[in-house]
Amino acid sequence: MKPVEIAFTPVNNQRLANLCGALDENLRQIETALDVSIARRGERFSVSGKPGQTKIAKQVLQSFYDRADAGLSLEDVQLGLLEAAGTRKSRAPGDSPALITRRQDLHGRTPRQVQYLQNILASDLTFSIGPAGTGKTYLAVACAVDALEREAVKRIVLVRPAVEAGERLGFLPGDMAAKVDPYLRPLYDALYDLMGYDKVARMFDRGAIEIAPLAFMRGRTLNHSFVILDEAQNTTPEQMKMFLTRIGFGSKAVVNGDITQIDLQRGQKSGLVEAQDVLKKVRGIAFCYFNAEDVVRHPLVQRIVNAYDQHSRKKQND
């Protein structure tokens, strides 16, 4: 197939350097993500591969070159590729609900992420189910931060079951707080990114943000709160029912999980799997299902998820 040629004129050497990255790292990222080959000679680029992919690569190169004045980080390149590749249709931030957080560029980067944000804002209870890296936790925390900033809720409550890949809390050093902390680290990281470390610390001191293991939720009623249950695939049916019945007046809840990574004991049913069947027809509850196309991480992660999905389907068919 004939390569696609592109030339950037008038020549701007700084932009070209920013576009290519150190040791052409940005070009390698584009090649890997879009399955094309890129040859460069000065300001001229030659893109080889399948016609559809080379067309996308040409558009991506032009887009990155147009905004390369201030430099392009590896994250900028990877996120830009995620929005442009395959069935992903790039959406302007205006298509996604505007959220008040420290991240001015925060928006749904895939159609399902946009729908997820809209579901959270429109429904009192939203379930999101899908693989790691699809933004389930991060976007839910962003909506919680937005609700707190707008004073739509009085506090954020972040919950996780203390079950992880066969580990047991008793094997970890320290008191209960020290044992539980590693399980909640993804929630801390999202908060720090969206609010800043100092503000999060003040919110914790005021009780406006609370992080708790699922086991500590029994007997509580959470009014005027934004509650997020993360890693919900590791809840039992009894725990899931207990959590869902904690929701009080003026509250909103989001339940996240990946049903392909259940760490419960063999033979024990997941509360998230059961909730799909029990609650699918209940009015006022929204379900959002993500897949590999929604992975917003290193492009390799999407391929890993696809490979495991194909392997799982093959085992089922054997």
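Details of the structure are given in the entry above.
Read on for an overview of the structure. Computed from a predicted model, the values in this text were never measured in an experiment. (Residues numbered from 1 in each chain as written. Predicted model: local features only at pLDDT ≥ 70, side-chain atom pairs only at ≥ 80, totals over all residues. Heavy atoms only, no water.)

With antiparallel pairing, the three strands of this open sheet are ordered in space as E1-E3-E2. Both edges of this open sheet fall to strand E1 (4–7) and strand E2 (37–41), since each of them pairs with a single strand only. Between one strand and the next, the sheet's axes are offset by a mean angle of 20°, whatever the strand orientation. Inspection of the sheet shows E1 paired to strand E3 (residues 44–48) by four bridges, in the antiparallel sense. (Pairing = 2+ DSSP bridges. Helix = DSSP H or I, 4+ residues; strand = E, 2+ residues; numbered from the N terminus. Axes fitted to C-alpha atoms, helices over the stretch in contact; angles between N-to-C directions.)

This part is about the environment of Leu117. Relative to the elements of secondary structure, Leu117 occurs in helix H5 (residues 111–122). Considered as a pair, Leu117 and Lys136 are 19 residues apart in the sequence and their alpha carbons are 9.7 Å apart. The contact partners of Leu117, leaving out residues within four places of it in the chain, are Ser96, Pro97, Leu99, His107, Gly108, Leu139 and Cys143. (Contact = heavy atoms within 4.5 Å.)

Size it by volume and the second largest pocket reaches roughly 500 Å³. Lining the second largest pocket are 21 residues, with Pro131, Asp258, Thr260, Val305 and Asp309 positioned closest to its centre. Ranked by residues supplied to the lining of the second largest pocket, first place goes to helix H11 (residues 299–317) with eight residues. Tallied by class, residues from the lining of the second largest pocket come to eleven nonpolar, six polar and four charged. (1 Å grid on protein atoms, 1.4 Å probe; cavity = no way out; pocket = protein on both sides within 12 Å on 5 of 7 lines; lining within 4 Å. Points joined across faces, edges and corners; volume = space filled by probe spheres on them. Nonpolar A, V, L, I, M, F, W, Y, C, P; charged D, E, K, R; others polar.)

We now examine the side chain of Asp230. As for its placement among the helices and strands, Asp230 is situated in the loop between strand E7 (225–229) and helix H9 (237–244). Within the structure, the side chain of Asp230 is placed 2.5 Å from the side chain of Thr137, a separation counted as a polar contact. Sequence-distant contacts of Asp230, that is, excluding residues within four places in its chain, are made with Thr137, Val159, Arg160, Pro161, Leu187 and Asn256. (Polar contact = N/O pair within 3.5 Å; in protein donor to acceptor, adjacent residues only side chain to side chain.)

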